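# Structural overview for review
Spelled out from the first residue to the last, the chains are:
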Amino acid sequence: MNRIEKLIQELCPNGVPFEKINALVEKGDTVDWLTTESARYIDLATVDPRTSSLGDTDVITEKTAPSRARQAVAVGDVLFGSTRPLQGRRFFVDEVAALPFIASTGYTVLRGNSPKLDPRFLFHWLGTSSFVQHVEACQQGTSYPAISDKNVKRALIPVPPIEVQREIVKILDLFTELEAEL
């Protein structure tokens, strides 16, 4: 039995509970151009779909910002691309930048507000086949199918004890790092 199995057996003898994402996150902020002179813009093509890493970002101001540049992003936020053809791109904001980040409305911004959920666990869970099935069942539209923020947040996520989540995150982060090296 591995460490995670032992933790689950010890801490979750009756199984792992599931909760809707919306019970574990809060609404993000919209950009306030009165207090923001310039920002780094995360559009849908900025996030690499294979590595979930951030590519080059444009610096924008209120005058140069595209109409979709409306979501203020903070460290610890998880971004999920909700419109096709770039649907499913995900990014975990772990970088404190010299300039603030602003994300396209093509992303659902998930800002954790519960001590029961590790944001990195949420980030990794958004890449699972269970979540992809939820997205496929809830997306709407024919030319450019999309899933609404509301439907992203309706998805059920397993919520094992935080110790288990952190152990899972350690393993998945290491795997992601090794995969990127390959």
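Throughout what follows, the structure given in this document is the object of discussion. Please read all numbers here as calculations on a predicted model, not as lab measurements.

### Regarding the overall build of the protein chain
What the protein chain contains, in helices and strands, is five helices and ten strands. In terms of overall dimensions, the protein chain is globule-like: its C-alpha atoms have a radius of gyration of 17 Å, near the 16 Å expected for 182 residues. Per-residue burial for the protein chain yields a buried fraction of 42% across its 182 residues. Contacts in the protein chain between residues far apart in sequence, at least 24 positions, make up 76% of those at least 6 positions apart. Per element, the accessible surface of the protein chain, about 10,400 Å² overall, is 51% carbon and sulfur.

### Some words on the sheet that holds strand β8 (residues 101–104)
A sheet is described by the order of its strands in space; here four strands give the open sequence β4-β3-β8-β5, paired in mixed fashion. The outermost strands of the open sheet, each flanked by one partner alone, are β4 (58–60) and β5 (69–73). Between one strand and the next, the sheet's axes are offset by a mean angle of 45°, whatever the strand orientation. Of the strand pairs in this sheet, β5 and β8 are connected by four bridges, and their pairing is antiparallel.

### Thoughts on the sheet that holds strand β9 (residues 107–112)
Pairing within the open sheet is antiparallel, and its four strands lie in the order β2-β9-β6-β7. At either margin of the open sheet sits one strand with a lone partner, and together these are β2 (25–26) and β7 (90–92). Note that β2 and β9 share two bridges and pair antiparallel. Following the sheet pairing, valine 25 is matched in β9 by glycine 112.

### Describing the packing of aromatic side chains
According to the stated counting rule, one finds three aromatic pairs in the structure shown. Here the aromatic rings of phenylalanine 80 and phenylalanine 131 are separated by 5.1 Å at their centres, their planes lie at 85°, and the arrangement is edge-to-face. Of the two residues, phenylalanine 80 sits in strand β6 (residues 78–81) while phenylalanine 131 sits in helix α3 (residues 129–138), which places them 51 residues apart along the sequence. Of the two residues examined, phenylalanine 80 and phenylalanine 131, each falls in the buried class. Over the ring of phenylalanine 123 we find arginine 90, and its NZ or CZ is 4.5 Å from the ring centre.

### Structural notes on the pattern of salt bridges
Counted by the stated rule, this structure contains six salt bridges. Note that glutamate 19 is salt-bridged to lysine 116, the shortest N-O span being 2.5 Å. Highlighted residues: glutamate 19 in strand β1 (residues 18–20) and lysine 116 in the loop between β9 and α2 (119–125), separated in sequence by 97 residues. Residue arginine 120 is joined to aspartate 173 by a salt bridge in which the shortest nitrogen-to-oxygen separation is 2.4 Å. Here arginine 120, found in helix α2, pairs with aspartate 173, found in helix α5 (residues 162–181); they are 53 residues apart in sequence, far enough to count as distant. Judged by its relative accessible area of 25%, aspartate 173 falls in the partly exposed class. One salt-bridge network, held together by shared partners, links Asp29, Asp77 and Arg111.

### Structural notes on the pairing of β8
With three bridges joining them, strand β3 (residues 39–42) and β8 adopt parallel strand pairing. Across the sheet, residue arginine 40 finds its bridge partner in β8, namely phenylalanine 101.

### Considerations on the environment of valine 164
The residue valine 164 is located in helix α5 in this model. Each C-alpha atom of the pair valine 164 and isoleucine 42 lies 31 Å from the other, and the pair is 122 residues apart in sequence.

### Some words on the environment of serine 52
Looking at the secondary structure, you find serine 52 in the loop between β3 and β4. Through-space distance from the C-alpha of serine 52 to that of arginine 89 is 6.7 Å; in sequence the pair is 37 residues apart. With near-sequence residues (within four places) excluded, serine 52 lies in contact with Val47, Arg90, Phe91 and Phe123. At 3.3 Å, the side chain of serine 52 forms a polar contact with the backbone oxygen of arginine 90.

Scoring rules and cut-offs
Residue numbers run consecutively from 1 along every chain, following the written order of its sequence. Only residues with pLDDT of 70 or above have their local features reported here, since the model is predicted, and side-chain atom pairs are shown and tallied only from 80 upward, although totals for entire chains, interfaces and linings are computed over all residues. Each side-chain value is worked out from all heavy atoms of the structure, with water and hydrogens disregarded. Secondary structure is summarised from DSSP: a helix means a run of H or I of at least four residues, a strand means a run of E of at least two, and numbering begins at the N terminus for each. Note on method: radius of gyration uses C-alpha positions; expected globular size equals 2.2 Å times residues raised to 0.38. Each residue is placed in one exposure class: buried if its accessible area under a 1.4 Å probe, protein chains only, is under 20% of its type's maximum, exposed if it is over 50%, and partly exposed if it falls in between. Note on definitions: a residue-residue contact is assigned when non-hydrogen atoms from the two residues lie within 4.5 Å. Every accessible area reported is derived by Shrake-Rupley at a probe size of 1.4 Å, with residue values counting cover from the shown protein chains alone. Two strands are counted as paired when DSSP detects at least two bridges linking them. Note on geometry: axes are C-alpha line fits, over the in-contact stretch for helices, and angles between N-to-C directions span 0 to 180 degrees. Side-chain rings of Phe, Tyr and Trp (the six-membered ring for Trp) are treated as a pair once their centres are within 6.5 Å; stacked means planes under 30 degrees apart, edge-to-face means over 60, and tilted covers the remaining angles. Criterion for a charge above a ring: Lys NZ or Arg CZ within 6 Å of the ring centre, and within 35 degrees of the ring normal. Any carboxyl oxygen of Asp or Glu within 4 Å of a side-chain nitrogen of Lys or Arg constitutes a salt bridge here. Pairs of N or O atoms within 3.5 Å make up the polar contacts considered here, provided that, within protein, one atom can donate a hydrogen while the other can accept it, and that residues adjacent in sequence are counted only when both atoms are side-chain atoms.

The quantities given are spatial measurements derived from coordinates; they are silent on function.
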